Amino acid sequence: MLDNEEMLIELYTAPACSLCQKALTMIRSMDTPPQVTLVNVRDDTTLYHEYGARIPVLKRTDTQQELGWPFDQQALKRFLE
């Protein structure tokens with residue numbers, strides 16, 4: 001099992017997305033936050049069609065599991081276990 005420092009998470013987002021900012025703040029407030037790559041869904045038509053209406057969405061790069069909004073701190077912790 002990876003610890004959070006080794007885990008890579010993609011955060012599907014878009015400019016001026018206040019919910020995305022809340023999700024990022026939640027991730028960064030963790031005791032041991034994972035590494036996060038921001039992915040702007042507006043830069044890719046395929047991503048926009050898949051995630052545009054659902055952002056923010058977190059995706060683990062190791063398992064490909066996704067966690068879509070809304071989620072709270074407990075759901076985030078479970079997702080990262």
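For the structure itself, look to the data block above.
The structure reproduced in this document is the subject of the present report. (Residues numbered from 1 in each chain as written. Predicted model: local features only at pLDDT ≥ 70, side-chain atom pairs only at ≥ 80, totals over all residues. Heavy atoms only, no water.)

Here we look at the pairing of strand β1 (residues 8–13)
The following threshold applies: Strand pairing is assigned whenever DSSP detects at least two bridges linking the two strands. Under the scheme used here, helices are H or I runs from DSSP no shorter than 4 residues and strands are E runs no shorter than 2 residues, and both carry numbers assigned from the N terminus. By convention, a crossover is right-handed whenever its connection, traced from the first strand over the helix to the second and viewed with the strands pointing away, goes clockwise.
Examined bridge by bridge, β1 and strand β2 (residues 35–40) share six bridges and lie parallel to one another. Bridge pairing in β2 links Tyr12 to Val39. The parallel pair β1 and β2, bridged by helix α1 (residues 18–28), forms a crossover whose chirality is right-handed. For β1 and strand β3 (residues 57–60), the ladder comprises four bridges, and the chain directions are antiparallel. Residue pairing for β3: Leu11 is matched across the bridge by Leu58.

Looking at the nonpolar core
Worth spelling out the cut-off: By nonpolar core we mean a set of buried residues, namely Ala, Val, Leu, Ile, Met, Phe, Trp, Tyr and Cys, connected to one another through side-chain atoms within 4.5 Å. Residue burial is assigned from relative accessible area. The probe radius is 1.4 Å, only protein chains are included, and a residue is buried under 20% of its type maximum, exposed over 50%, and partly exposed in between. Any two residues having at least one pair of non-hydrogen atoms within 4.5 Å are treated as being in contact.
Within the largest apolar cluster, 15 residues are counted, with the highest numbers of intra-cluster contacts made by Ile9, Leu58, Leu67, Phe71, Leu76, Phe79 and Leu80. If you list the elements that add at least two residues to this core, you get β1, α1 and α3 (73–80). With sequence-adjacent residues up to four places away left out, Leu67 is seen in contact with Pro56, Val57, Leu58, Ala75, Leu76 and Phe79. Core analysis: the second largest hydrophobic core is formed by 10 residues, Ala14, Cys20, Val39 and Val41 among them.

Notes on the side chain of Arg60
Our working definition: Polar contact is defined as a pair of N or O atoms within 3.5 Å, subject to the rule that within protein one atom must be able to donate a hydrogen and the other to accept it, and that residues adjacent in sequence are counted only when both atoms are side-chain atoms.
Positionally, Arg60 belongs in strand β3. Overall, the relative accessible area of 5% leaves Arg60 in the buried class. Only 2.6 Å separates the side chain of Arg60 from the side chain of Asp62, close enough to count as a polar contact. Only 2.9 Å separates the side chain of Arg60 from the backbone oxygen of Phe79, close enough to count as a polar contact. When neighbours within four sequence positions are excluded, Arg60 is seen to be in contact with Met7, Leu8, Ile9, Gln65, Phe79, Leu80 and Glu81.

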